[in-house]
Amino acid sequence: MSLRASIDVVTDLTLTTKNPARTRADAIVIAVAGGPDGPRVLGGEHLPPKAVAPLTALLPALGVTGKAGEVVRVPAGDGLAATVAVLTGVGPESAALSPETLRRAAGAAVRSLAGTADVVLALPAADAAQVGAVAEGALLGAYRFDHYKTSDPAPVARLVLATPLARDKDAKAALVRAQAIGAGVRATRDLVNASPKHLYPESFAEEARAAARGTKVTVTVLDENDLAAGGYGGILGVGQGSARPPRLVKVAYSPARAKAHYALVGKGITFDSGGLSLKPAKGMENMKDDMAGAATVLHTVLAAAALGLPVRVTGWLALAENMPGGGAQRPSDVVTMRDGTTVEVLNTDAEGRLVLGDALAAAREEAPDAILDIATLTGAQVVALGSRVAAVMGTDDVRADVVAAAGAVGEQFWPMPLPEELRDSLKSPVADIANMGDRFGGMLVAGLFLKEFVGDTPWAHLDVAGPAYNESSAYGYTPKGGTGMGLRTLLGVLEAAAQR
Ligand code: BES
Ligand code: MN
Ligand code: ZN
């Protein structure tokens, strides 16, 4: 079964200045806010009073409150040309209508409309930022992973976003950006959701090649022989327990007048069984997601190229399958990394730092201005911050850039320290460093291990172990399964660098 089929199914989204009340569609999406005098329909700039008044009168009886996350479908009534109206909550009227609130409201509504062909969005879209937020939320919410389903409702096919700014330059640019983000996040989710039976290092490398075809991004694949010749002992060690050999994939976007050079490094464990330090069955259930970092890096580089950002970006995908086959590495094996560092492998389940160490060393050789890595690295990240807030560690400047970018794009990255005193716990009696240290502060210990491989390059490490995969039910624009968390933040960091 090929993986590519699902990746190109993209919901179509256009802007229009036409009155949404008079646009024929299967559904019209309208925002409702909670207010002191009860819920209120927003959309003065779009919707005629004769459409709004009867809806507003119905809200209390329908139990509609306008709280964030609430989605209610009702017959559209006489004032609207659409068949049904979808009322989506944006929270209390008193609170500012943030881009993230709009993204989530659009996403939740569109997600609930799977199986519908034509949808009109009559949400607040009075400036370019609002147009971008509504478009992005809608495109992210329209996602469905149905690659292996023999029958499943298709996501919304066509979206029309009503805005007086349909012909405005900034609004059009916001739409282009939303489409690039939508395509990137959705393709990232597809890779994360793909079965590890189909997605393994070699096929992942082929996916990267196929995705970059016809773009300005070049893909170079190092196979197991190249890795041996290059001294990539970490990636080879992790991959040697699998019948499917590892890969290191370099994904390069080099525009002519680049303002800076960023290296992005992604953990790409296509399945993490733990290796000989085998995980319990429950702990393995979602370990197909352990390549989320690499998928995010691939599609961030492609999105940067699609938007023509004046920043050179080199992505490194460290791909291996961590299996306990007869050739697997043993606890107490010593491996030599790309940069010559020797590592005692105390726990084969701490494999992410081994593949990343090699890839960080390779990235550093090109002397980029900064390195950012992203990985589903530690269970400790989930213990510390839960399943929706990711962590960022590293040098102060880059870490701050990540936090700022995350805040601007609506992702949650929380700054974490790299306390020097924890470094001692990684000491090995036989090698330069061990791959496991103190259990307490395990996320920070993993960060300190990675730090060994970046030298004095400005660097940030993003641990998305929890947020990369939504185990509970869908919310806002976030589906069950792969989320694509991190792509918008990484792209935001690159965009900020482009503006400096
Ligand atoms: N891929 C896991 C981390 C993980 C755990 C991601 C749960 C998402 C959800 C990683 O390779 C791992 O197994 N880490 C170990 C490290 C330990 C052995 C030092 C962990 O966190 O338990
Ligand atoms: Mn592991
Ligand atoms: Zn792992």
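Residues numbered from 1 in each chain as written. Chains lettered and ligands numbered in written order. Predicted model: local features only at pLDDT ≥ 70, side-chain atom pairs only at ≥ 80, totals over all residues. Heavy atoms only, no water.

Trainee: Explain the site of ligand 1 to me, please; I cannot follow it from the model alone.
Mentor: Lining the immediate environment of ligand 1, one finds 15 residues, of which Asp-272, Lys-279, Asp-349, Glu-351 and Gly-379 sit closest. Here Asp-349 contributes a side-chain N or O atom positioned 2.8 Å from an oxygen atom of ligand 1. Burial of ligand 1 by the protein amounts to 77% of the accessible area it has alone, namely 520 Å². The pocket occupied by ligand 1, as judged from atoms lying within 2 Å of grid points, is the largest pocket. (Near = heavy atom within 4 Å. Polar contact = N/O pair within 3.5 Å; in protein donor to acceptor, adjacent residues only side chain to side chain. Areas by Shrake-Rupley, 256 points an atom, 1.4 Å probe, with all protein chains shown as cover. 1 Å grid on protein atoms, 1.4 Å probe; cavity = no way out; pocket = protein on both sides within 12 Å on 5 of 7 lines; lining within 4 Å. Sits in = over half its atoms within 2 Å of the grid points.)

Trainee: Even after reading the chapter, I still don't get the layout of surface pockets, so can you show me in this structure?
Mentor: Left-over empty space is what a probe sized like a water molecule reveals as it rolls over the atoms. What the largest pocket holds in volume is close to 890 Å³. In this structure, the largest pocket is lined by 37 residues; those nearest its centre are Lys-279, Leu-377, Thr-378, Gly-379 and Ala-380. For the lining of the largest pocket, the secondary-structure elements that each account for two or more residues are strand S10 (261-272), helix H8 (281-284), helix H11 (379-385) and helix H13 (442-451). (Points joined across faces, edges and corners; volume = space filled by probe spheres on them. Helix = DSSP H or I, 4+ residues; strand = E, 2+ residues; numbered from the N terminus.)

Trainee: Sorry if this is basic, but what is going on with the coordination of the manganese ion (ligand 2) here?
Mentor: Reference values for angles at a metal are 109.5 degrees in the four-donor tetrahedral case and 90 or 180 degrees in the six-donor octahedral case. Taken together, Asp-272 (OD), Asp-349 (O), Asp-349 (OD) and Glu-351 (OE) make up the full set of protein donors to the manganese ion (ligand 2), lying 2.1 to 2.2 Å away. Here the manganese ion (ligand 2) binds 6 donor atoms, and the angle range of 69 to 168 degrees at the metal identifies the geometry as irregular. All donors to the manganese ion (ligand 2) come from one chain, and their sequence spacing reads D-x76-D-x1-E. A distance of 3.1 Å spans the gap from the manganese ion (ligand 2) to the zinc ion (ligand 3), which Asp-272 bridges by coordinating each metal. Here Asp-349 lies in the loop between strand S13 (342-345) and helix H10 (352-365) and Asp-272 lies in strand S10, a separation of 77 residues in the sequence. (Donors = N, O, S within 2.8 Å, 3.2 Å for Na, K, Ca; no water. Tetrahedral: all angles 85-135°; square planar, octahedral: opposite > 155°, others 65-115°.)

Trainee: Looking at this structure, I do not really get the pairing of strand S15 (residues 390-394). What am I missing?
Mentor: The side chains of a regular strand alternate between both faces of the sheet. Among the 5 residues in S15, 5 count as buried, and that is most of the element. Residues Ala-390, Val-392 and Gly-394 of S15 are buried on one face, and the alternating residues Ala-391 and Met-393, pointing to the opposite face, are buried as well. (Buried < 20%, exposed > 50% of the residue type's maximum accessible area, 1.4 Å probe, protein only.)

Trainee: What's the story with helix H9 (residues 292-306) in this structure? I'm lost.
Mentor: An ideal rise of 1.5 Å per residue puts 21 Å on 15 residues; H9 measures up with 21 Å between its terminal C-alpha atoms. Of all 15 residues that make up H9, 14 are buried, and the element is covered over most of its length. Phi for Gly-308, located one or two positions after H9, is positive at around 65 degrees. (Expected span 1.5 Å × (residues − 1).)

Trainee: Explain the side chain of Arg-423 here, please?
Mentor: Among the structural elements, Arg-423 can be located in the loop between strand S16 (413-415) and strand S17 (433-434). Residue classification places Arg-423 among the buried positions, given a relative accessible area of 17%. At a separation of 2.7 Å, a polar atom in the side chain of Arg-423 contacts the side chain of Glu-452. In this view, Arg-423 contacts Asp-432, Ile-433, Leu-448 and Glu-452; residues no more than four positions away in its chain are not counted. (Contact = heavy atoms within 4.5 Å.)

Trainee: So what exactly am I meant to see when it comes to the packing of H9 against helix H14 (residues 487-499) here?
Mentor: The relative placement of two packed helices comes down to the angle between their axes together with the axis-to-axis distance. Between H9 and H14, whose axes approach to 9 Å, the crossing angle comes to 45 degrees. Between H9 and H14, the crossing angle belongs to the class labelled oblique. The crossing of H9 and H14 is right-handed. Seen from H9, the contacting residues are Thr-296, His-299, Thr-300, Ala-303 and Ala-304; seen from H14, they are Leu-487, Leu-490, Leu-491 and Leu-494. (Axes fitted to C-alpha atoms, helices over the stretch in contact; angles between N-to-C directions. Parallel < 35°, antiparallel > 145°, perpendicular 65-115°, else oblique. Left-handed = near helix turned anticlockwise from the far one by under 90°.)

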